[in-house]
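# Residue-level structural notes
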Amino acid sequence: MQTSTVTDAMRPPFPAEPGAGVYSNKLGMWVFLASDVMFFTALIGSYIVLRFGMASQWAQPGAVLNVPLTGLNTFLLICSSVSMVKAYAAIADGKKYFLRKVPGKRLQDGGLKFWLLITIICGAGFVSVQLVEYIKLVGEGFTPSGYREGSLLAEHALADPVKYGAGVAGMYGSTFFTMTGFHGFHVTCGVISMLYLYFTKVLPEKYSPQDYRGIEVIGLYWHFVDLVWIILFTIVYLI
Amino acid sequence: MTTPAPTTHVRPNYMLIWLYLFVMTIAEVLLAFELPVARNLKLILLLILAIWKAMLVALFFMHLKFERWRLRLIFLVPLPLAAILVTTVIMEKVF
Amino acid sequence: MTTVAHAPTRAHHEPMSFWRKYIFSTDHKIIGIQFLFVSLFFLLVGGLLAMQIRWQLGFPGKPLPGGGILPESMVSGGVILPEYYIQLVTMHGTFMVFFAIMPLLVGVYANFLIPLKLGGHDMAFPRINMWSFWLAFLAGLIMLSGFFVPDGAPRCGWTMYAPCSARPDLSGATYSQKLWSISIVVLGLSSVMGSVNYITTVINHRAPGMTWFRMPLSVWALFITAILAVLALPVLQGAAIMLLFDQTIGTHFFDPGAGGQALLWQHLFWFFGHPEVYILILPAMGMVSDIIANGSRKPIFGYHSMVFAIIGIAFLGWIVWGHHMFMSGMNPTLGSTFMVSTLLIAVPSAIKVFNWLGTMWRGNLRFHVPMLNAIGFVSMFTIGGLSGIFMAATPVDIPLHDTQFIVAHIHYVLFGGSLFALFAAITYWYPKMFGRMMSERIGKVHFWLTFVFYNLTFFPMHIIGMGGQMRRIYDPTIYDFLKPQQPLNEFISYSAFALFAVQFLFAFNFLWSLKFGKKAPQNPWEDNGLEWSLPNPAPHGNWAPKTPNVYRGPYEFSAPEGGDKDYLPQYTKLPTDRDPVPAPLPAGGH
């Protein structure tokens, strides 16, 4: 049997048929993201279907939820997405450092360590703001099963049932907390993963322009999470 | 390990995309709350804005614009499935 | 043809402890074998549950033999209680579908065969593979615990329809319903992780020369199955989470009283559920194709159409789910659409059946045990498929829905189909897994007895179903119109007991041959696959550090170039063959 010898056992597919044309970690992450789309389809699709059946009774946008705060939070997540892609560009250019003075430029040039840190901070910030928002909402009486008896929101709903969608508050609460909760869970997983990579791979400068697969892969996940939020923000908070 | 193939595409201006996203988000919030637009039209415009923003992230930040079709296909495949599920269940509910 | 000369150990790490080597292994073959043992255990559990169901249906009101050991909540004076009966029915379905057949077909054979048949050293992501197994194991434990918590196991049928499943006051099971949801979410995670692995490995880790259309059909089927799994399981996970939230934190997704929709559960469940049944049959079809080609000493008839049929079945499988819901009160126009798509999906399946027949036609047939089971698969799956045509037509489904006719259909495709294929596959790849052969004699006796008792058990179910006996019913004799069918019920039960007893032959054969089976030659079935170029059992790292070259397709049986042999393996280099050129290594980033 004729065989070919492997030169680099760490990099499958070590002599292989042409496949996707991208390395396996990236391919795997894209396939995983496709599955995550189906997961959010179940949640978001159910929301669309449920709300469609009772569209006229749904609470008006801004009545219960804090749109300005969430708008700011959305901006924070978008910023983290930008810093993520800047981190990716940095390591592609070989900039493993934190900050470096560049002649001719006023601002210092950020490297991988800088931009990834920004991403982690913005991501953690997003989760924190969302947690604070949840605590505030539950305090006001907005729970997964609707407006809590005797709470502030229940009183508002009695006074103005149309604006607060009194009849279908149960569905409002169910869909809101499930969708945003699982999105927040995805963000948290992303932040934890980035922290792990930061301490085990980024700080010891293990990534190089020849091999920065981990950054690209976590970047794809992070942008996906941002993408889902862009959709969620519109259809949950603004409509 | 041989040196990787050089990039064949121009790197997009990430800060410009960020600006677009920022402006579109402001536009969305204004549209939703301030502008006097009919409800159905508002819904459609907001959805278009959201999808446009999502596509900017997918195409530029996730580099899909510069990847092969095969990779884009992986991300595109679930979308018609999602559409079929939602459409069918709505048709069913309407009945 | 040269034989392969290898050093005994090619793994390039230092010797591993027992724990790292066999328990927390990242070797795809060990993981496949782990899945095999655990899934066979769950198959036994499912079978034991079935025996109790058959006892109750055949002899309603009679005390269950050995029922004394069960607690008072399940049996009263030895007689199965209705509350326990519905748990039996629910858990039989749940264990068989999620923890026996699916892991046996996918967890075992996708893991075991894909790298071996494609010339790889291991899966694309070996550690994720290990996690995939342990998560599936955890999910199985969680599901099993349902029997041991207060109020017993879940009770709304394996399809867990809302609102029964969402409200403990309706189902009566306070804890285990939640455990069901949690178990499903964990299993879904395991499945998705595994599928990402299989898809990536098939796309990127094929040896030089292994082009897409030189892949064996078993790998094609497993690849397409993985695509189905990666897209369908997350929908079930989402639905199970919504169900769990309804059960715990007070959401109202499926509660009509508060504005939810009970039918939403059915749509979500069957949107997953229909691709799921194709997940349960496609790998079986793929492996049967390999075995039938081998047993006929002929190339598979219509290889390309087989591939396109697999793709067609997978594609159409997404738009037929409503045929499980014809009786739900859904929109009739939609019902007609689903009827048409369901009838259409019979076409690619039929193409496959004809191609298997075409493969066997005028072949130099070898009736080894895998071939017998594979032919059994073809005939039984055909019957199951034909009953499927009945149910695809909405008017016919209306009287048949939720009767034993449906139960007969399910079992013809799942037992007559998938399980026979599994008997074939387990026997066929046993030498590769364990280095020994299973006993041919016991295997043949097992096949024939199983085949006879299986048909005696499940064929009459078509009849009693058409006679009106419902599914999941505790005691058919309470209905006067069902009383005349009770002798048939008894007959089915006796056949079922015999069927179950015969499976101990297989279990004995499997376990005994581990130690005392004949030592396997390198290529016992004279097959063409890449895996047979390795010694038995296959060593850690497979061909590492080398990679085999592939020179031809997988079904070159009775080829003139083979000389005096009637098979020509994919890895054999003939003087006229040129070495395939590997693709350049992919870059580490842009």
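In this report, the structure presented in the accompanying data block is examined. Every value quoted in this text rests on a predicted model; they were computed, and no experiment measured them.

### Examining the overall build of chain B
A tally of helices and strands in chain B yields 4 helices and 0 strands. The secondary structure elements of chain B, listed N-terminal to C-terminal, are α-α-α-α. For 95 residues, the compact-globule formula gives about 12 Å, and the C-alpha radius of gyration of chain B, at 18 Å, lies well above that figure. When its C-alpha atoms are laid out on the principal axes, chain B stretches across 60 × 35 × 15 Å. Of the contacts formed within chain B by residues at least 6 apart in sequence, a portion of 52% connects residues at least 24 apart. Accessible surface computed for chain B: about 5700 Å², of which carbon and sulfur atoms make up 74%. For chain B, the distance from the average site of its 9 positive side-chain charges to the average site of its 4 negative ones is 9 Å.

### Some thoughts on the interface of chain A and chain B
In many analyses, interface size is given as the accessible surface area lost on bringing the parts together. Taken together, the 51 residues of chain A in the interface contact 42 residues of chain B. Buried area between chain A and chain B, both sides added, is near 4000 Å², and the carbon and sulfur share of it is 81%. Area buried by chain A at its contact with chain B is led by A:Trp30, A:Val49 and A:Leu238, which between them contribute 15% of it. Across the chain A-chain B interface, the total number found is 2 salt bridges. Among the salt bridges present, the one from B:Arg11 reaches A:Asp93, with a minimum N-O distance of 2.9 Å.

### Quick notes on the side chain of C:His409
The topology assignment puts C:His409 in helix H13 (residues 404–434). When neighbours within four sequence positions are excluded, C:His409 is seen to be in contact with C:Gly384, C:Ser387, C:Gly388, C:Met391 and C:His462.

### Comments concerning the pattern of salt bridges
Counted according to the given criterion, the structure contains 20 salt bridges over all chains. The residue B:Glu67 makes a salt bridge to A:Lys26 at a minimum N-O spacing of 2.6 Å. Pair noted here: B:Glu67 is in the loop between helix H2 (39–61) and helix H3 (69–76) and A:Lys26 is in helix H1 (residues 24–52), and the two residues belong to different chains. With a closest N to O distance of 3.5 Å, C:Lys117 and C:Asp290 form a salt bridge.

### As for unusual backbone geometry
Cis rather than trans, the peptide bond between C:Ala162 and C:Pro163 has omega equal to -5 degrees. Mapped onto the secondary structure, C:Pro163 falls in the loop between helix H4 (126–145) and helix H5 (168–171). Cis geometry is found at the peptide bond from C:Ala544 to C:Pro545, where omega equals 0 degrees. Looking at where C:Pro545 falls in the secondary structure, it is placed in the loop between helix H15 (486–516) and strand E3 (546–548). Backbone geometry places A:Glu205, a non-glycine residue, at a positive phi of 55 degrees. In this structure, A:Glu205 sits in the loop between helix H6 (169–202) and helix H7 (213–238). The backbone phi angle of C:Asp151 is positive, close to 75 degrees, even though this residue is not glycine. Taking relative accessible area as the criterion, C:Asp151 reaches 39% and is therefore assigned partly exposed.

### Section: a nonpolar patch on the surface
Taken together, the side chains of B:Leu41, B:Leu43, B:Ile44, B:Leu45, B:Leu47, B:Ile48, B:Ile51, B:Trp52 and B:Met55 present a nonpolar region at the surface, about 820 Å² in accessible area. If you trace the backbone, B:Ile44 turns up in helix H2.

### Comments concerning H2(B)
The terminal C-alpha atoms of H2(B), which comprises 23 residues, lie 32 Å apart, in line with the 33 Å expected from a rise of 1.5 Å per residue. Of all the positions in H2(B), only B:Lys42, B:Leu46, B:Leu49, B:Ala50, B:Lys53, B:Ala54, B:Leu56, B:Val57, B:Ala58, B:Phe60 and B:Phe61 are classed as buried. Buried residues along H2(B) sit in contact with helix H2 (67–92) and H7 of chain A together with helix H1 (14–33) of chain B. Of the residues flanking the end of H2(B), it is B:His63, one or two places downstream, whose phi is positive at about 60 degrees.

### Examining the nonpolar core
The biggest cluster of nonpolar side chains holds 299 residues, and the ones touching the most others in it are A:Phe142, A:Tyr147, C:Phe95, C:Tyr109, C:Trp356 and C:Phe377. Top contributing element to this core by residue count: helix H3 (residues 82–118) of chain C, with 24 residues. Two domains share this core, each providing at least three of its residues, namely domain 1 (12–62) and domain 2 (68–95) of chain B. A:Tyr147 has contacts with A:Ala59, A:Val64, A:Gly141, A:Phe142, A:Leu153, A:Ala154, A:Ala157, A:Tyr164, A:Ala166, A:Ala169 and A:Tyr172, leaving out every residue within four places of it along the chain.

### Describing the side chain of C:His274
Residues and elements named next belong to chain C. Among the secondary structure elements, His274 is positioned in helix H8 (residues 262–296). Look at His274 and you get buried, because its relative accessible area is 4%. Residue contacts for His274: discarding those within four places in its chain leaves Gly317, Val320, Trp321, His323 and His324.

### Focus on the packing of aromatic side chains
Residue and element names in this part refer to chain C. The full count for this structure, using the stated rule, is 95 aromatic pairs over all chains. Between the aromatic rings of Phe213 and Trp220, the centroid separation amounts to 5.7 Å while the plane-to-plane angle is 35 degrees, which identifies the pairing as tilted. Each ring, one from Trp356 and one from Phe377, has its centre 5.6 Å from the other, and the planes form 85 degrees; the classification is edge-to-face. Pair noted here: Trp356 is in helix H10 (residues 332–360) and Phe377 is in helix H11 (residues 369–392), with a separation of 21 residues, a long-range link. Pair check on accessibility: Trp356 and Phe377 agree, each one buried. Over the aromatic face of Trp212 sits the side chain of Arg206, whose NZ or CZ is 4.3 Å from the ring centroid. Between Lys565 and the ring centre of Tyr567, over which it is positioned, the NZ or CZ distance is 5.7 Å.

### Some remarks on the packing of helix H3 (residues 112–140) of chain A against H6(A)
Residue and element names in this part refer to chain A. At a minimum axis distance of 10 Å, the contact between H3 and H6 shows a crossing angle of 150 degrees. The pairing of H3 with H6 is recorded here as roughly antiparallel in orientation. Of the two elements, H3 crosses H6, and the hand of that crossing is left-handed. Here the residues of the contact of H3 with H6 are counted per class, giving 18 nonpolar, 8 polar and 2 charged.

### Quick notes on the interface of chain A and chain C
Contacts between chain A and chain C engage 50 residues on the former and 60 residues on the latter. Put simply, chain A and chain C have 0 salt bridges between them. Inspection of the chain A/chain C interface yields 9 residue pairs in polar contact (both at pLDDT 80 or more). Contributions of two or more residues to the side of chain A that touches chain C are made by strand E1 (3–5), H1, H6 and H7 of chain A. A total of 16 residues in the side of chain A that touches chain C trace back to one element, the largest contributor, which is H1(A). Taken together, the residues of the side of chain A that touches chain C sort by class into 28 nonpolar, 16 polar and 6 charged.

Criteria and thresholds
- Residues numbered from 1 in each chain as written.
- Chains lettered and ligands numbered in written order.
- Predicted model: local features only at pLDDT ≥ 70, side-chain atom pairs only at ≥ 80, totals over all residues.
- Heavy atoms only, no water.
- Helix = DSSP H or I, 4+ residues; strand = E, 2+ residues; numbered from the N terminus.
- Rg over C-alpha atoms; globule rule 2.2 N^0.38 Å.
- Contact = heavy atoms within 4.5 Å.
- Areas by Shrake-Rupley, 256 points an atom, 1.4 Å probe, with all protein chains shown as cover.
- Lys, Arg positive; Asp, Glu negative; His and termini not counted.
- Charge placed at Lys NZ, Arg CZ, Asp CG, Glu CD.
- Buried area = accessible area lost by both parts, 1.4 Å probe.
- Salt bridge = Lys/Arg side-chain N within 4 Å of Asp/Glu carboxyl O.
- Buried < 20%, exposed > 50% of the residue type's maximum accessible area, 1.4 Å probe, protein only.
- Patch = residues over 30% accessible without salt bridge, like charges linked within 9 Å, V, L, I, M, F, W, Y side chains within 5 Å.
- Expected span 1.5 Å × (residues − 1).
- Core = buried A, V, L, I, M, F, W, Y, C linked by side-chain atoms within 4.5 Å.
- Domains from an automatic or database assignment.
- Phe/Tyr/Trp six-rings, centres within 6.5 Å; stacked < 30°, edge-to-face > 60°.
- Lys NZ or Arg CZ within 6 Å of the ring centre and 35° of its normal.
- Axes fitted to C-alpha atoms, helices over the stretch in contact; angles between N-to-C directions.
- Parallel < 35°, antiparallel > 145°, perpendicular 65-115°, else oblique.
- Left-handed = near helix turned anticlockwise from the far one by under 90°.
- Nonpolar A, V, L, I, M, F, W, Y, C, P; charged D, E, K, R; others polar.
- Polar contact = N/O pair within 3.5 Å; in protein donor to acceptor, adjacent residues only side chain to side chain.

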